[in-house]
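Close look at the chain arrangement
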Amino acid sequence: MPGTCGSDVKWYASLGGLVIDSSELALDDEGLSLKNELLRLAQRMPKAELHLHIEGTLEPEMAFRLAKRNGVRLHYADVDSLRAAYAFNNLQEFLDVYYTGMSVLLKEEDFYDLTWAYLQRVHQDNVVHVEIFFDSQGHLERGIPLNVQIGGIRRALKDGKQQLGISSKLILSFLRHLSEEHAFETLDLAEPFLDQLDGFGLDSSEMGHPPGKFARVFARCKDLGFRITAHAGEEGPADYVSQALDLLQVDRIDHGNHSLDDAALVQRLTTEGKTLTVCPLSNLKLCVVKAMDQHPLLSMLKRGLKATVNSDDPAYFGGYVNDNYRALIEHLPVTREDLYQLAQNSFDGAWVSEEEKAKHLHDLNRVFG
Ligand code: ADE
Ligand code: ZN
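Residues numbered from 1 in each chain as written. Chains lettered and ligands numbered in written order. Predicted model: local features only at pLDDT ≥ 70, side-chain atom pairs only at ≥ 80, totals over all residues. Heavy atoms only, no water.

A look at the overall build of the protein
Of regular secondary structure, the protein possesses 17 helices and eight strands. Relative to its length of 369 residues, the protein is compact, with a C-alpha radius of gyration of 19 Å against a globular reference of 21 Å. Along the three orthogonal principal directions, the C-alpha set of the protein runs to about 60 × 50 × 45 Å. Every one of the 369 residues in the protein was classed for burial, and the buried ones make up 58%. Of the contacts made within the protein by residues no fewer than 6 positions apart, 77% connect residues no fewer than 24 positions apart. Element-wise, carbon and sulfur atoms account for 50% of the exposed surface of the protein, whose accessible area totals about 14,700 Å². (Helix = DSSP H or I, 4+ residues; strand = E, 2+ residues; numbered from the N terminus. Rg over C-alpha atoms; globule rule 2.2 N^0.38 Å. Buried < 20%, exposed > 50% of the residue type's maximum accessible area, 1.4 Å probe, protein only. Contact = heavy atoms within 4.5 Å. Areas by Shrake-Rupley, 256 points an atom, 1.4 Å probe, with all protein chains shown as cover.)

A short note on the coordination of the zinc ion (ligand 2)
Looking at the zinc ion (ligand 2), the protein donor atoms are H51 (NE2), H53 (NE2), H231 (NE2) and D312 (OD), and they sit 2.0 to 2.2 Å from it. Considering all four donor atoms around the zinc ion (ligand 2), the spread of angles at the metal, 83 to 174°, places the coordination shape in the irregular class. Considered as a linear motif, the donors of the zinc ion (ligand 2) on their single chain read H-x1-H-x177-H-x80-D. With a gap of 259 residues between them, H53 in strand β1 (residues 47-53) and D312 in the loop between β8 (306-309) and α14 (314-317) connect regions that are remote in the sequence. There is no split in this pair, since H53 and D312 are both buried. (Donors = N, O, S within 2.8 Å, 3.2 Å for Na, K, Ca; no water. Tetrahedral: all angles 85-135°; square planar, octahedral: opposite > 155°, others 65-115°.)

Considerations on the environment of I132
If you trace the backbone, I132 turns up in strand β2 (residues 127-134). Between the alpha carbons of I132 and I54 there is a distance of 6.4 Å; along the sequence they are 78 residues apart. Dropping the residues within four chain positions of it, I132 is found in contact with L52, I54, T115, Y118, L157, K169, L170 and I171.

Considerations on the nonpolar core
Of all hydrophobic cores here, the largest spans 110 residues; its most connected members are F174, L197, F200 and L339. Leave out the neighbours within four places in its chain, and F200 touches I171, L172, F174, L187, L194, F218, C221, F226, R227, I228 and T229. Ranked by size, the runner-up nonpolar core spans five residues in total, among them A48, L50, A350 and V352. (Core = buried A, V, L, I, M, F, W, Y, C linked by side-chain atoms within 4.5 Å.)

Focus on the pairing of strand β4 (residues 199-203)
Counting buried positions along β4 yields five of five residues, so the element is predominantly enclosed. The side-chain alternation of β4 yields two buried faces, one formed by G199, G201 and D203 and the other by F200 and L202. Once you follow strand β3 (residues 167-175) into helix α8 (residues 180-190) and on to β4, the crossover reads as right-handed. Here β4 pairs with strand β5 (residues 227-232) via two bridges, running parallel. Following the sheet pairing, G199 is matched in β5 by R227. (Right-handed = clockwise from strand over helix to strand, strands pointing away. Pairing = 2+ DSSP bridges.)

Description of the state of the cysteines
Two cysteines, two sulfur atoms, one covalent bond between them: this is a disulfide. The full count for this structure, using the stated rule, is zero disulfides. Left without a disulfide partner, C279 is nearest to the cysteine sulfur of C287, which lies 15 Å away. (Disulfide = S-S within 2.5 Å.)

Let's talk about the pattern of salt bridges
All chains considered together, the criterion is met by 20 salt bridges. When the shortest N-O distance is used, the salt bridge between R83 and E61 registers 3.6 Å. Residue R83 is located in helix α3 (residues 79-84), and its partner E61 is located in helix α2 (residues 60-70); the two are separated by 22 residues in the primary sequence. Here R83 falls in the partly exposed class, since its relative accessible area comes to 23%. (Salt bridge = Lys/Arg side-chain N within 4 Å of Asp/Glu carboxyl O.)

Here we look at the packing of aromatic side chains
Per the stated rule, a full pass over the model turns up 13 aromatic pairs. Between the aromatic rings of F94 and F317, the centroid separation amounts to 4.8 Å while the plane-to-plane angle is 50°, which identifies the pairing as tilted. With F94 in helix α4 (residues 91-101) and F317 in helix α14, the pair connects residues that are 223 residues apart, well separated along the chain. For the pair shown, F94 and F317 are each scored as buried. In this structure an aromatic cluster arises from ring pairing among Y86, F88, F94, Y98, Y99, Y316 and F317. (Phe/Tyr/Trp six-rings, centres within 6.5 Å; stacked < 30°, edge-to-face > 60°.)

Topic: the side chain of D254
Mapped onto the secondary structure, D254 falls in strand β6 (residues 252-255). Although D254 is buried, it forms no salt bridge, and the closest oppositely charged side chain is R252 at an N-O distance of 4.7 Å. There is a polar contact of 2.6 Å between the side chain of D254 and the side chain of T277. In this structure D254 touches H51, F133, T229, A230, H231, A232 and T277, once residues within four positions along its chain are discounted. (Lys, Arg positive; Asp, Glu negative; His and termini not counted. Polar contact = N/O pair within 3.5 Å; in protein donor to acceptor, adjacent residues only side chain to side chain.)

Side note on the sheet that holds β5
Reading across the sheet, the eight strands line up as β1-β2-β3-β4-β5-β6-β7-β8 and stay open at both edges, with parallel pairing between neighbours. Looking along the sheet, the strands with just one partner apiece sit at the ends: β1 and β8. Neighbour-to-neighbour, the strand axes of the sheet open up by a mean angle of 25°, direction not taken into account. Sheet topology places β2 next to β3; six bridges connect them, and they run parallel. In the strand pairing of β3, F133 is matched with I171. (Axes fitted to C-alpha atoms, helices over the stretch in contact; angles between N-to-C directions.)

Points about the site of ligand 1
For ligand 1, the full set of nearby residues is H53, L91, F94, L95, Y98, D203, S204, H231, E234, H255, D312 and D313. A distance of 3.5 Å separates a nitrogen atom of ligand 1 from a polar atom in the side chain of H255. In this structure, D313 approaches ligand 1 through a side-chain N or O atom, which is 2.7 Å from a nitrogen atom. Protein chains shield 100% of the accessible area of ligand 1, which is 260 Å² for the free molecule. In this structure, ligand 1 is accommodated by the largest cavity. Grouping the constituent residues of the shell around ligand 1 by class yields four nonpolar, four polar and four charged. (Near = heavy atom within 4 Å. 1 Å grid on protein atoms, 1.4 Å probe; cavity = no way out; pocket = protein on both sides within 12 Å on 5 of 7 lines; lining within 4 Å. Sits in = over half its atoms within 2 Å of the grid points. Nonpolar A, V, L, I, M, F, W, Y, C, P; charged D, E, K, R; others polar.)

Okay, here's the thing in structure tokens:
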């Protein structure tokens, strides 16, 4: 069955421009011009992206280019038929396509090209800091060693800093559908590269794979001095978010939508000032929300949660970070204050020094006058 959520939604990435399409929105001239003003502000403001899977930036065009370069056969006739397959009913349907897509990434230069293309793209969105996940186990299982993966990504991140002024962190994310033993083996393999990593994460199929399954792995990561983040409450229940806090001692929560089902948990997340890396277009495409006008982002902010806006897997979900802002502005009563708060939260939740945060806030304040 084709994807039922967001399939009728525009492919934001292809829209470009800074003007809202009024044809489907019941807005008078004043409403429209306010939204366009907010859109321009969202575009101009400096921001950090804290939830981005580098493998999820593999655009169909690049997939075909790398497939040709590496002699890999893709099971789609062309770019259009590959993109047409991006209709999902849930997280697992997406992951099946996503893991298959990775088959074109074989060499250091493939990881470089992928990362460099992402950095160039988000430079246009005024992203000034990125924290990137990579799914090392998805590549190790295909025989691609860590030095190839990390070497290519890191080289592009270095160029990103030098040529585009984008600072970055790199997060090795464990695949939760695999075993605890597999995660420990991966951590052992990562030992020679620990100085090139900034943190550890947890992603992939959430249901049936609670955070507690990896408590001992993350305890080791913490002992090694690393920051921790985990996908929780995307499809899974609020209890998985509590487990991530209690059993993994996470510094951030990725997604966290289902936290809203538990008032005490919301209170705890606000009191502890935990950042949630929310991904609106991802939520729509994976049926976490039925429609963008039902997205809980603004209600998260109203409850005092430190929500941020991110793109997750932009090549698969129809847009990069500013496309996510655009979708929110189009469909929700977003204000100028909300935009400021979201950008501020993105810097506040970043794993950078207080000096760097202050510099970003200074630049943000200049845009907001
Ligand atoms: N891997 C890539 N994107 C993901 C998502 N949205 N949730 C869980 N695992 C992922
Ligand atoms: Zn994610």
